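Spelled out from the first residue to the last, the chains are:
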Amino acid sequence: MARDPALLDRPRPPATPPPLDWLTLGDAFEAACLLRCTAPPRGGRSTAALPSHAPGVEFNREDAAQRMRQLLARLDIPVSQEVAVGGLRRRYELHRLWVPPEHQGAYTRLMDAGWWQGRRELLGGPVPGASPARRRWVSRLAAAAWRSALLAGGRHVRRHILGVRLTDRELAAVLIRSAAVLDVPAALRPGTGCFLVSVADGPDRERILRSASMEPARDGVPTPDRRPAC
């Protein structure tokens, strides 16, 4: 019996998508961290899965929304933005970003790939014989995680600590590891419906803030690395 080439010879997609290059990974991972900062609390045992990819994301800080727009623009994902004002005695703003339907598939794929690949680079520990370029990019991923948390997480600033409140256990673990990559000890304390990740005031706080400051635009990077991050 002659086989049906249309069915038997159909190319199969790879089991896992190819790795993102370092520049794309840096932007996609940071955007995914921003997204996880907006995730609602989860009940029961946490997993590493990303929250459901709705077509929109909402921030209560304008600088977090602007950063998300900048990152998605670099990833060629267009978004529209609207601002809603609420509250009676205490007014507040919500900054909503929406991805057009025709770009939602690419958006979801990039957020998933960026999170999983960036998480693996950070939580996998140092790779024996890793190149200086790879170590430098892992440090950039660590800084991106803290930048996202400081922009979109719940800041918890006291005289003796700099902290962020998160509802996402996996992101809290990534922040702890990211602080270690940046040579800063961090503490994790469970709270009611959230996790508090903090670093001590003084040199540790200054190092985190300096590392998490906004990096130059891509055009300012001396040697862009478009090789796969593998």
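The present account deals with the structure reproduced in this document. None of the values given here were measured: they were computed from a predicted structure.

Okay, the environment of Gln104 next. With respect to the secondary-structure elements, Gln104 resides in helix H4 (residues 104–123). Looking at Gln104, the relative accessible area reads 25%, which means it is partly exposed. In this structure the C-alpha to C-alpha distance between Gln104 and Pro55, which are 49 residues apart in sequence, comes to 6.5 Å. In this structure Gln104 touches Pro55 and Val99, once residues within four positions along its chain are discounted.

All right, on to the sheet that holds strand S2 (residues 80–86) then. Strand pairing in a sheet relies on backbone hydrogen bonds, with the paired strands running either antiparallel or parallel. Here three strands make up an open sheet; going across it, the order is S1-S3-S2 and the pairing antiparallel. The outermost strands of the open sheet, each flanked by one partner alone, are strand S1 (56–59) and S2. In this sheet, neighbouring strand axes are inclined to one another by 25° on average, regardless of whether the strands run parallel or antiparallel. Contacts from helix H3 (residues 62–74) reach S1, S2 and strand S3 (92–98), with the element oriented near 10° to S3.

With that out of the way, let us pick up helix H6 (residues 169–181). Between its terminal C-alpha atoms H6 stretches 19 Å, which fits the 18 Å expected from 13 residues at 1.5 Å a residue. All of the buried residues along H6 are Glu170, Leu171, Ala172, Val174, Leu175, Ser178, Ala179 and Val181. Asp183 occupies a position one or two residues after H6 and carries a positive phi of about 65°.

The subject of this paragraph is the sheet that holds strand S7 (residues 195–200). Here four strands make up an open sheet; going across it, the order is S4-S5-S7-S6 and the pairing antiparallel. Looking along the sheet, the strands with just one partner apiece sit at the ends: strand S4 (154–157) and strand S6 (187–190). Adjacent strand axes in the sheet meet at a mean angle of 25° when their direction is disregarded. Bridge analysis of S4 against strand S5 (residues 161–166) gives four bridges, and the strand direction is antiparallel. From the neighbouring strand, His156 faces S5, where its bridge partner is Gly163. Where H6 meets the sheet, it contacts S5, S6 and S7, and its direction lies at approximately 15° from that of S7.

Here is what the cut-offs are and how they apply
Numbering of residues starts from 1 in each chain and follows the order in which that chain's sequence is written. Local features in this predicted model are restricted to residues of pLDDT 70 or higher, and side-chain atom pairs are both shown and tallied only at a pLDDT of 80 or more, whereas totals for entire chains, interfaces and linings draw on every residue. Hydrogens and water molecules were not included; the side-chain quantities draw on all heavy atoms of the structure. Helical segments are the DSSP runs of H or I of at least four residues, strand segments are the runs of E of at least two, and each set is numbered from the N terminus. Under the scheme applied here, a residue whose accessible area is under 20% of the maximum for its type counts as buried, over 50% as exposed, and between as partly exposed, the area being computed with a 1.4 Å probe on protein chains only. Throughout, a residue-residue contact means that at least one pair of heavy atoms, one from each residue, lies within 4.5 Å. When DSSP finds two or more bridges between a pair of strands, those strands are recorded as paired. Lines fitted to C-alpha atoms define the axes here, with helix axes fitted over just the stretch in contact, and angles between the N-to-C directions of these axes take values from 0 to 180 degrees. Helix span, as expected, comes to 1.5 Å for every residue beyond the first.

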